[in-house]
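Listed below, chain by chain, are the residues.
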Amino acid sequence: ELEKPGVYQDLAAKSDRLQAMLQEVLDRRGIPAIAAGRNTFWQILFMAAEPRSQTDMMAGDAQAMRALDMELLRRGIYVLPGVRRFISTVNTEEDFTATAEALDAACAVL
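My aim in this report is to walk through the structure given alongside it, one point at a time. A quick note: this is a predicted structure, and the numbers were derived from the prediction, not measured. (Residues numbered from 1 in each chain as written. Predicted model: local features only at pLDDT ≥ 70, side-chain atom pairs only at ≥ 80, totals over all residues. Heavy atoms only, no water.)

## Description of the packing of helix α1 (residues 7–29) against helix α4 (residues 93–109)
Two elements in contact, α1 and α4, have axes whose closest approach is 10 Å; the angle formed by their N-to-C orientations is 20°. In terms of their interaxial angle, α1 and α4 are classed as roughly parallel. At the point where α1 passes α4, the crossing takes the right-handed sense. Of the residues in α4, those touching α1 at Lys 14, Arg 17, Leu 18, Met 21, Leu 22, Val 25, Leu 26, Arg 28 and Arg 29 are Glu 93, Phe 96, Thr 97, Thr 99, Ala 100, Leu 103, Asp 104, Cys 107 and Ala 108. (Axes fitted to C-alpha atoms, helices over the stretch in contact; angles between N-to-C directions. Helix = DSSP H or I, 4+ residues; strand = E, 2+ residues; numbered from the N terminus. Parallel < 35°, antiparallel > 145°, perpendicular 65-115°, else oblique. Left-handed = near helix turned anticlockwise from the far one by under 90°. Contact = heavy atoms within 4.5 Å.)

Spelled out as structure tokens, the structure:
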């Protein structure tokens, strides 16, 4: 499957789409976080700009990130708290919509 032409470009486009959807939710809810990532991975980080180093990562609000991740888990989005997530070839637009809806609900209680 991974040897098919264009598969990695498709995965990166899916990841970009999901990140944009999640960032829209964060912005609309006024949550001081970014939906960051590269290629096939994404993560919601409580910081002002995408990190460039491990020092940047350590400066983020890990407690807020964990609280958000726990709320996502409560809403059926299975994430390992504090760890980045990956897009796969089986993820669909419906998966992304469900993730964005769960994030919206989670942000409402933060």
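## What about the nonpolar core?
In terms of nonpolar packing, the biggest core is built from 29 residues, with Leu 22, Leu 26, Ile 44, Phe 46, Leu 68, Leu 72 and Leu 103 touching the most fellow members. Elements that contribute at least two residues to this core include exactly α1, β1 (34–38), β2 (41–45), α3 (62–74) and α4. Discounting chain neighbours no more than four positions away, the residues touching Leu 72 are Ile 77, Val 79, Ala 102, Leu 103 and Ala 106. (Core = buried A, V, L, I, M, F, W, Y, C linked by side-chain atoms within 4.5 Å. Buried < 20%, exposed > 50% of the residue type's maximum accessible area, 1.4 Å probe, protein only.)

## Comments concerning the pattern of salt bridges
Opposite charge on two side chains permits pairing when their charged atoms draw close. Overall, the coordinates contain 9 salt bridges when judged by the stated rule. Between Arg 38 and Glu 50 there is a salt bridge whose closest N-O contact spans 3.2 Å. Note that Arg 38 is positioned in strand β1 and Glu 50 in the loop between β2 and α2 (54–59), a separation of 12 residues in sequence. Taking relative accessible area as the criterion, Glu 50 reaches 35% and is therefore assigned partly exposed. We note a salt bridge from Arg 75 to Glu 71, for which the minimum N-O separation is 2.6 Å. (Salt bridge = Lys/Arg side-chain N within 4 Å of Asp/Glu carboxyl O.)

## Remarks on the packing of aromatic side chains
What the rule picks out here adds up to 1 aromatic pair. In this structure, Arg 84 packs its charged tip against the face of Phe 41, placed 5.0 Å from the ring centre. Looking at Arg 85, its charged tip hangs above the ring of Trp 42, at a distance of 5.3 Å from the centre. (Phe/Tyr/Trp six-rings, centres within 6.5 Å; stacked < 30°, edge-to-face > 60°. Lys NZ or Arg CZ within 6 Å of the ring centre and 35° of its normal.)

## Considerations on the sheet that holds β2
The strand order β1-β2-β3 describes an open sheet built from 3 strands, whose pairing is antiparallel. With one partner strand each, in any of the chains shown, β1 and β3 (85–86) form the two edges of the open sheet. Here β1 pairs with β2 via 5 bridges, running antiparallel. Within β2, the residue paired with Ile 34 across the bridge is Leu 45. Of the strands in this sheet, β1 and β2 are in contact with α1, which crosses β1 at around 165°. (Pairing = 2+ DSSP bridges.)

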